[in-house]
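# Breakdown of the fold
Okay, here's what each chain looks like letter by letter:
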Amino acid sequence: MASTSEIRRRIGSVRQTQKITHAMYLISQAKLRKAKQELDNTRPYFQALQTEIGRVFNADSTIESRYLIPADPNAKPLPGVPACLLITADKGLAGAYNQNVIRQGQQLMAEHPGTALYVVGEYGRRWFAQRGVPVEKSFLYTAQNPTLDRARHIAELLLDRFDAGEINSIWIIYTDMKNGLEATVHQAQVMPLHRERFHAATAATAGDAVYEFVPSAKAVLDNAARSCLTGYIYSALVDSFCSEQSARMTAMNAADQNAEELLKDLSIQFNRARQAAITQEITEVSAGERAQRSKKEKEG
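Let me begin by describing the structure that accompanies this report. The numbering scheme is per chain: residues are counted from 1 as the chain's sequence reads. Where totals are concerned, whole chains, interfaces and linings use all residues; where local detail is concerned, this predicted model gives features only for residues with pLDDT of at least 70, and gives and counts side-chain atom pairs only at 80 or more. Excluding hydrogens and water, the side-chain figures rest on all heavy atoms present in the structure.

### Brief notes about the pattern of salt bridges
Here a salt bridge means any side-chain nitrogen of Lys or Arg lying within 4 Å of a carboxyl oxygen belonging to Asp or Glu. Throughout the structure, instances matching the rule amount to 8 salt bridges. For R161, the salt bridge is made with E136, and the minimal N-O distance between the two is 3.0 Å. Here E136 lies in the loop between α3 (122-130) and β3 (137-139) and R161 lies in helix α4 (residues 148-163), a separation of 25 residues in the sequence. Judged by its relative accessible area of 46%, E136 falls in the partly exposed class. For R152, the salt bridge goes to D149, with nearest N and O atoms at 3.1 Å. Pair noted here: R152 and D149 are both in helix α4, with a separation of 3 residues, about one helical turn. Each residue is assigned to one of three classes by its accessible area relative to the maximum for its type, calculated with a 1.4 Å probe on protein chains only: buried under 20%, partly exposed between the two thresholds, exposed over 50%. Judged by its relative accessible area of 33%, R152 falls in the partly exposed class. Through salt bridges with shared partners, one network takes in R66, D163 and R226. Working definition: helices are DSSP H or I runs of at least four residues, strands are E runs of at least two. Numbering for both runs from the N terminus.

This is the structure in structure tokens:
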């Protein structure tokens, strides 16, 4: 059995660790609340963009754009290779958050050989580098501060390659927090855009007056589609960040509960060790007293 001093040191160590995990829980909680608010503040803009695309479809239901999947299923495929934007965290301590995203990315690359990989998050960069997996571009800024400017930078880089014919589709793999409770890995093709994405907007604007688009409906559609990609990427960055904080809160809460259980066990061990030490001392005193009494009786 460990001595009382050893158990006391372990109790102190566990309590210090518990303070850290609790602080990380509170920090993640604050970051989650802030990120959700920022996302809610930007949603109206991107919802308005989808509404305008719906109006374009109402004005010309047969309109075509390189940013839309062709209505003709037999259309010639675009040149280039698929591109995958994979969003991870900057660090671990978030349960299976990072591994789930990476596993989904590996599956996509297995299904589409030659996929150009783009990574957000230090964890993902290191994971692929350690295994020799080529990364087309890793965005060096932190995943801890998703902003619209960063989403726009990523979108412009991908769109430049898409317009140049180097990539023929853009996929995003990220973690989405459904209903604010359950986080699941989500995979979506965000370029070319599916027409089905805008069915609701098209139906909602069907009764509106027909607009005249300047310089043309196609130019408006192309510009709105590019902006929509920025919105999808920004939403994915914020959703991933929120999911990461939720996963970290869950992990830190579990660590805190485990620390409580460990402290209970250590307290029991400490009390037993202390009682054993007290019992040993009493036994030694009693034995000494009996020895002294026996000695005096023999001398007497």
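Additional details are given in the paragraphs that follow.
### Some details on the pairing of strand β2 (residues 116-120)
The buried fraction of β2 is high, at 5 of 5 residues. By the alternation rule, side chains of β2 split into A116, Y118 and V120 and L117 and V119, which are all buried. When DSSP locates at least two bridges between a pair of strands, those strands are taken to pair. As judged from the 5 bridges shared by strand β1 (residues 81-87) and β2, these two strands associate in the parallel manner. Among the inter-strand pairings, L85 is bridged to a residue of β2, identified as Y118. As paired elements, β2 and β3 share 3 bridges and run parallel to each other. Bridged to V120 within β3 is F139. Seen with its strands pointing away from the viewer, a crossover is right-handed if its path from the first strand over the helix to the second goes clockwise. The handedness of the β2 to β3 crossover, carried by α3, is right-handed.

### Section: unusual backbone geometry
The step from M191 to P192 runs through a cis peptide bond, and the omega angle for that step is -5°. Mapped onto the fold, P192 is located in the loop between β5 (182-191) and α5 (199-204).

### Regarding the layout of surface pockets
Cavity: a set of points on a 1 Å grid over the protein atoms alone where a 1.4 Å probe fits but cannot get out. Pocket: an open set with protein on both sides within 12 Å along at least five of seven lines, its lining residues, like those of a cavity, having an atom within 4 Å of a point. Grid points are joined across faces, edges and corners, and a volume is the space filled by probe spheres set on the points. Reported here for the largest pocket is a volume of approximately 470 Å³. Taken together, 20 residues make up the lining of the largest pocket; nearest its centre are R43, Q50, G231, Y232 and S235. Counting only elements with at least two residues in the lining of the largest pocket, the list comes to α1 (4-59), β4 (167-178), β5 and α6 (217-299). Considering every element that reaches the lining of the largest pocket, the biggest residue donor is α6, with 7 residues. Residue polarity follows a fixed list, in which Ala, Val, Leu, Ile, Met, Phe, Trp, Tyr, Cys and Pro are nonpolar, Asp, Glu, Lys and Arg are charged, and the others, Gly among them, are polar. A per-class count over the lining of the largest pocket returns 10 nonpolar, 6 polar and 4 charged. Volume-wise, the second largest pocket comes out at about 330 Å³. Residue lining of the second largest pocket: 16 residues in total, with I69, P70, P77, L78 and P192 positioned closest to the centre.

### Side note on the side chain of T115
Considering the arrangement of structural elements, one finds T115 in the loop between α2 (97-111) and β2. On the basis of relative accessibility, which here comes to 14%, the residue T115 falls in the buried class. Side-chain atoms alone can form a polar contact between residues adjacent in sequence; in general such a contact is a pair of N or O atoms within 3.5 Å, and within protein one must be able to donate a hydrogen while the other accepts it. In this structure the side chain of T115 is engaged in a polar contact, spanning 2.5 Å, whose partner is the backbone oxygen of H112. Aside from chain neighbours lying at most four places away, what touches T115 is P82, A83, C84, L108 and M109. Residues count as neighbours in contact if any of their non-hydrogen atoms are within 4.5 Å of one another.

### Details of the packing of α2 against α3
Remark: α2 packs on α3, axes separated minimally by 11 Å, with the N-to-C direction vectors making an angle of 50°. Here α2 is positioned oblique relative to α3, judged by the angle of their axes. Like other packed secondary-structure pairs, α2 and α3 cross with a definite hand, here right-handed. Along its contact with α2, which presents N98, Q99, I102, Q106 and M109, the element α3 presents Y123, W127 and F128. Of the residues assigned to the contact of α2 with α3, the class counts are 5 nonpolar, 3 polar and no charged. Fitted lines through C-alpha atoms give the axes, limited to the stretch in contact for helices. The angle between two N-to-C directions lies from 0 to 180 degrees. For this classification, under 35 degrees means roughly parallel, over 145 means roughly antiparallel, 65 to 115 means roughly perpendicular, and everything else is oblique. Whether a crossing is left-handed or right-handed is set by the direction in which the near helix is turned from the far one by less than a right angle, anticlockwise for left-handed and clockwise for right-handed.

### Brief notes about the pairing of β1
Counting buried positions over the 7 residues of β1 gives 6, a clear majority of the element. At this point the chain moves from β1, through α2, to the parallel β2, and the crossover so formed is right-handed.

### Points about the nonpolar core
In plain words, nonpolar cores are sets of buried Ala, Val, Leu, Ile, Met, Phe, Trp, Tyr and Cys residues tied together by side-chain atoms within 4.5 Å. With 49 residues, the main nonpolar core has L85 and I233 as its most contacted residues. Mapped by element, the contributors of at least two residues to this core are α1, β1, β2, α4, β4, β5 and α6. By size, the runner-up hydrophobic cluster in this structure holds 12 residues, among which are M109, L117, W171 and I173.

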